[in-house]
Amino acid sequence: MRYVWDFAEHDETSLDHLGARGRMLSTLKQRGFPVPPGFVVSDVACRRFLEVGEFPAGMWEEVEAAVARLVDGLPPDRPALLAVRSSPPVEMPGILGRALHVGCDEAAAARLAAWHSPEFAAQVRLEFLRGVAAQRKVPEHRVAAVAATAPGAELEALERDVAALEELIVAESQRPIPDHPLEQLREGIQAVFASWDDAVPHRFRRRHDVSDDLGTSVIVHVMALGSVGSDSGAGVAFSRDPRSGEPRTAGVFAPGEAQPGALPHYPGLENLASDHPDNYAEVVDILCELEGMTCDMMRIDFIRERDALWLVEARPGERSSGAGVRIVVDLANAGMITRQEAVARIDPDSLDDILHARLDAPGAMPLITAGAASPGAAAGEIVLDSAEAIAAKAAGRPVILVRRETTPEDLAGVIAADGVLTSHGGPTSHAAVAARGTGTPAVTGANNVVVDVAAGIVHIGDTVMRSGDGITIDGGEGTVYAGMLPLEIPQPSEHLDQLLEWADEFRRMEVWANADTPDAAAHAKKLGAEGIGLARTEYMFSGDRLEVVRTIILTDDAKERTRALEQLEELQIADFERLLESMDGQAVVVRLLDPPLHEFLPDRREVDAYLRNAAPGSDEAAELRELLVAIDQWEESNPMLGLRGVRLAVVIPEIYRNQVLAALEAVRRRLDDGGDPRLELMIPLVGSAEEVHLIRDMIDEEVHYAGRQLDVTVGTMIELPRAALTADEFALESDFFSFGTNDLTQTTLGISRDDAEEAFLRTYLEKGMLRRDPFTSIDRRGVGKLIETAIAAGRAVNPGIVIGVCGEHGGDPDSIDFFESVGVDYVSCSPPRIPVARLAAAQAALRHGIDA
């Protein structure tokens, strides 16, 4: 087996083993670009090295022969220093190991001194040693302590640092520094191979779903020296602006010892254009040719060594999410790529950066990192209850609602707040779902946050903060910061609108929204929603109505309960009417009441806290004790598997009948006003056909009593494994199935969606025991098989049954790909995720070869 290929000689059979960087440099070398002479060591050699700790037989001999060819091709006075760099199969910039200035022995130092100066030779030796220290894991602070001399220092100081660093490396690693260039090269290649298994690359691969088994190729090339005097230097250039995507050359050129890669942005190449116009023209020509060759925005890293320009890196340029969208739209409009290619190139998740506010505070250090629950950044004053949040919004003050967890009672506070932070709950907890539904940034599951509502204090990590103090959260990263940091507010993007129009041409699945209020529905429609796939009626029971609901739950007086039910019915009629009006002509799936009743009662911890502060014997204390008794009465050990969903209709049928009556009356009123209501009623938490029969009969009975023909669709929410396995038993009585994948994941995996995040899921993900959070991306082998089974069983007896997904997975691109593959008709997601889902659905259709 062959392991080494020179840049100038690769062929089609070797391309798969050169890695992304190796393939590009080899291609450019063969096309005559100014790439330094070099070669690539195959990723197969890396995999074998990682397995047994040694190079495979024959590899080293090929390396020695390739080095000999490099040296023979250099001018007689040119120092033969080498760069050893990684070439992984996908871009992993700056993560894997490298070795620079390899071959810097005494003979090379003498040649460097003659070629330029003794100080230059000493500086190169010092940089070589810094690389050896990094390869051998010598702590950075110890290296900095003995090698602090800046570039350009006098020879004596540089030589002193060289001697001290050599001594430190030998003492720390208990190994001598190789004297022979080939032995230095051997150690450098071994270090790059071994870096594949380091912790940071491992985390990168987890996050980007890259296999651990691939390994990295290694590039070895003649090192271009950009520090040979002030007329030399290093530069980075882009064929388009990486922040905006504008078609103009952008970049930076740093003369001498400066490091262009350390800059946070690339303002321009004016100094290269003015000082070295020929080189600037060469850079522009290279970028133009590369963009035409690759049909993509390109980045090059180049070195000016005296008057020669060397191209040491060429790859698709990193870009902001907004720039990425503009670039593919521009390229498609110019005919360089097809519209399908434009749609396929954009990561759907990257749209969150375009659609939500972002933190604009480089270098800010978070107090804590927890669950990234709802994207976007927000800054505001801490408030500890929903009433404070509502009052603050009325006063025009931005606030972050900080709670242990939220319940339906807190919906108005979540809507009013600029951001939400909870110490409990995962990505499908109430706080996370409510925040995503309203587009509110949220961080959840922060187990190092302790909220004391009664005292008005929050412990965030080691920091104690009070109600009214300023904090900032980043819901996309799960980070929390002290103080109110600056934010970058998203701007409308005509390029994104164009891209999504193209996506709509190619997708088959419809994209609906999870929306509970007319405002949310209107927002969803504006973002492209084609229906409401989940309207959660529990949110109609919040705010001022909570007392009505609590009366229904707590009273023993039948007349009082009847009055409360009638009052609630009238309130719900208006809610349903406004919701149907906002989506006139489009389906609105109303989920009948689902959560356990205890969620409509206050948090026991808070009631206890207020009771401790109440005056003994006061009316307040007596009311709080009565409330505690009621909470105890309805408290369940495992409420998510207790009295909720359809079980409420069996035990307390008045609640479901009340909702059905309100929904039907809303349909009648909309029809009388000339509207086109499309009501669909959904039965949640079904486990048996008998439950479906019971509720379907009740709905049909109320429709019959309405005295006029009402077209109401009735469906089943599948969120229990038994429902999925026996779907054929109730498919004939269901006009549609909608998979509630949040609960289906919870009940299939036996994982609490509220507790698992901080308890063990993060550990499982860090250890690689789970590749993805199953509440974020569908578990294909388990939950996915149940979904596939249910769809097949349902369509076998009812071919026309409509299949939807209304869990949070409906907005996840990887899950959408799976739903396309099993024939789901629509996905329903939080309104802010609709553009993401539209793009992901188009990509899934293109990937599976399905026509729209």
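Residues numbered from 1 in each chain as written. Predicted model: local features only at pLDDT ≥ 70, side-chain atom pairs only at ≥ 80, totals over all residues. Heavy atoms only, no water.

Caption draft 1: Inspection of the overall build of the protein chain at higher detail. When helices and strands are tallied, the protein chain shows 32 helices and 30 strands. Taking 2.2 N^0.38 as the reference for a compact globule, 852 residues should give roughly 29 Å; the C-alpha atoms of the protein chain span a radius of gyration of 32 Å, in line with that estimate. With the C-alpha coordinates of the protein chain rotated into their principal frame, the extents come out at 105 × 65 × 55 Å. Out of the 852 residues in the protein chain, the part that is buried amounts to 56%. The contacts of the protein chain with a sequence gap of at least 6 include a subset with a gap of at least 24, amounting to 69%. For the protein chain, the exposed surface amounts to about 35300 Å²; the carbon and sulfur share of it is 50%. (Helix = DSSP H or I, 4+ residues; strand = E, 2+ residues; numbered from the N terminus. Rg over C-alpha atoms; globule rule 2.2 N^0.38 Å. Buried < 20%, exposed > 50% of the residue type's maximum accessible area, 1.4 Å probe, protein only. Contact = heavy atoms within 4.5 Å. Areas by Shrake-Rupley, 256 points an atom, 1.4 Å probe, with all protein chains shown as cover.)

Caption draft 2: Structural context of the pattern of salt bridges. Scanning the entire structure with this criterion turns up 57 salt bridges. One salt bridge connects Asp594 with Arg591, and the closest N-O pair in it is separated by 3.6 Å. By relative accessible area, Asp594 is classed as buried at 5%. Residue class for Arg591 comes out buried when judged on its relative accessible area of 7%. Arg678 is the salt-bridge partner of Asp676, the closest N and O atoms lying 2.9 Å from each other. Using a relative accessible area of 30% as the deciding quantity, one classes Asp676 as partly exposed. Overall, Arg678 belongs to the partly exposed group, its relative accessible area being 40%. Look at the salt bridges and you will find they share partners, linking Arg21, Arg85, Arg299, Asp301, Glu313, Arg315 and Glu318 into a network. (Salt bridge = Lys/Arg side-chain N within 4 Å of Asp/Glu carboxyl O.)

Caption draft 3: Structural context of helix α22 (residues 604-613). Listing the buried residues of α22 in full gives Val607, Ala609 and Leu611. Taken together, the buried residues of α22 touch α23 (619-634).

Caption draft 4: Local environment of a negative patch on the surface. On the surface, a cluster of negative charge is contributed by Glu119, Glu154, Glu156 and Glu159. Take Glu159: it is sitting in helix α7 (residues 155-173). (Patch = residues over 30% accessible without salt bridge, like charges linked within 9 Å, V, L, I, M, F, W, Y side chains within 5 Å. Lys, Arg positive; Asp, Glu negative; His and termini not counted. Charge placed at Lys NZ, Arg CZ, Asp CG, Glu CD.)

Caption draft 5: Here's a closer look at the side chain of Glu680. Position of Glu680 relative to the elements: it lies in strand β26 (residues 678-683). Buried charge Glu680 goes without a salt bridge, the closest partner of opposite sign being Arg678 at 7.7 Å. If sequence neighbours within four positions are ignored, Glu680 has contacts with Ala587, Val588, Val589, Val590, Thr713 and Phe736.

Caption draft 6: Molecular detail of the packing of aromatic side chains. Per the stated rule, a full pass over the model turns up 10 aromatic pairs. With centroids separated by 6.0 Å and ring planes inclined at 10 degrees, the aromatic side chains of Phe55 and Trp60 adopt a geometry described as stacked. For the pair formed by Phe55 and Trp60, the shared burial category is buried. With 6.1 Å between their ring centres and 80 degrees between their planes, Phe55 and Phe193 make a pair best called edge-to-face. With Phe55 in the loop between α2 (43-52) and α3 (59-72) and Phe193 in helix α8 (residues 181-195), the pair connects residues that are 138 residues apart, well separated along the chain. Residue classification places Phe193 among the buried residues on the basis of a relative accessible area of 0%. Aromatic rings pair up to connect Phe49, Phe55, Trp60 and Phe193 into one cluster. The cationic tip of Arg186 hangs over the ring face of Trp60; the distance from NZ or CZ to the ring centre is 4.5 Å. Residue placement shows Arg205 over the ring face of Trp196; its charged tip is 4.1 Å from the ring centre. (Phe/Tyr/Trp six-rings, centres within 6.5 Å; stacked < 30°, edge-to-face > 60°. Lys NZ or Arg CZ within 6 Å of the ring centre and 35° of its normal.)

Caption draft 7: Looking closely at the pairing of strand β23 (residues 510-514). Taking burial as the measure, the five residues of β23 include four buried ones, the bulk of the element. As paired elements, β23 and strand β30 (residues 826-829) share four bridges and run parallel to each other. What sits directly across from Trp512, in β30, is Ser828. As defined by bridge partners, β23 adjoins strand β24 (residues 532-536) across two bridges and the pair is classed as parallel. The partner of Ala513 across the bridge, within β24, is Ile532. (Pairing = 2+ DSSP bridges.)

Caption draft 8: Spotlight on the sheet that holds strand β3 (residues 82-87). Strand order in the open sheet formed by five strands is β1-β2-β5-β3-β4, with antiparallel pairing between adjacent strands. The strands lining the two open edges of the sheet, one partner per strand, are β1 (4-6) and β4 (98-102). The average undirected angle you get between the axes of adjacent strands in this sheet is 20 degrees. Summarising the sheet, strand β2 (residues 38-41) and strand β5 (residues 217-222) pair through four bridges and their orientation is antiparallel. Paired with Val41 across the bridge in β5 is Val218. (Axes fitted to C-alpha atoms, helices over the stretch in contact; angles between N-to-C directions.)

Caption draft 9: View of a nonpolar patch on the surface. On the surface, Val650, Val651 and Leu694 cluster together into a nonpolar patch covering about 260 Å² of accessible area. Its location among the elements puts Leu694 in helix α26 (residues 689-705).

Caption draft 10: Highlighting unusual backbone geometry. One non-glycine residue, Lys137, adopts positive backbone phi at about 60 degrees. With respect to the helices and strands, Lys137 occurs in the loop between α5 (118-135) and α6 (140-146). Under the relative-accessibility criterion, Lys137 is labelled exposed at 55%. Notably, Gln174 is not glycine yet its phi reads approximately 60 degrees, a positive angle. With respect to the element layout, Gln174 can be found in the loop between α7 and α8.

Caption draft 11: Summary view of the side chain of Ser828. With respect to the element layout, Ser828 can be found in strand β30. The class for Ser828 is buried, based on a relative accessible area of 0%. Of note is the side chain of Ser828, whose polar atom sits 3.0 Å from the backbone oxygen of Ala513. Not counting residues up to four positions away in its chain, the partners in contact with Ser828 are Trp512, Ala513, Asn514, Gly533, Leu534, Val805, Cys806, Gly807 and Gly810. (Polar contact = N/O pair within 3.5 Å; in protein donor to acceptor, adjacent residues only side chain to side chain.)

Caption draft 12: How the structure looks around the packing of helix α19 (residues 518-526) against helix α21 (residues 558-582). Where α19 contacts α21, the axes come no closer than 9 Å and their chain directions differ by 10 degrees. One element, α19, and the other, α21, form an angle in the roughly parallel class. The residues of α21 that touch α19, namely those facing Pro518, Ala521 and Lys525, are Arg578, Leu579 and Ser582. When the residues that make up the contact of α19 with α21 are grouped by side-chain class, the tally is three nonpolar, one polar and two charged. (Parallel < 35°, antiparallel > 145°, perpendicular 65-115°, else oblique. Nonpolar A, V, L, I, M, F, W, Y, C, P; charged D, E, K, R; others polar.)

Caption draft 13: Just the environment of Phe302, in detail. Relative to the helices and strands, Phe302 resides in strand β8 (residues 298-305). Sequence spacing of Phe302 and Pro616 is 314 residues, and the spatial spacing of their C-alpha atoms is 77 Å. Once residues lying within four places of it in the same chain are set aside, the contact partners of Phe302 are Gly233, Ala234, Gly235, Val236, Ala237, Phe253, Leu269, Leu272, Val283, Leu309, Trp310 and Val312.

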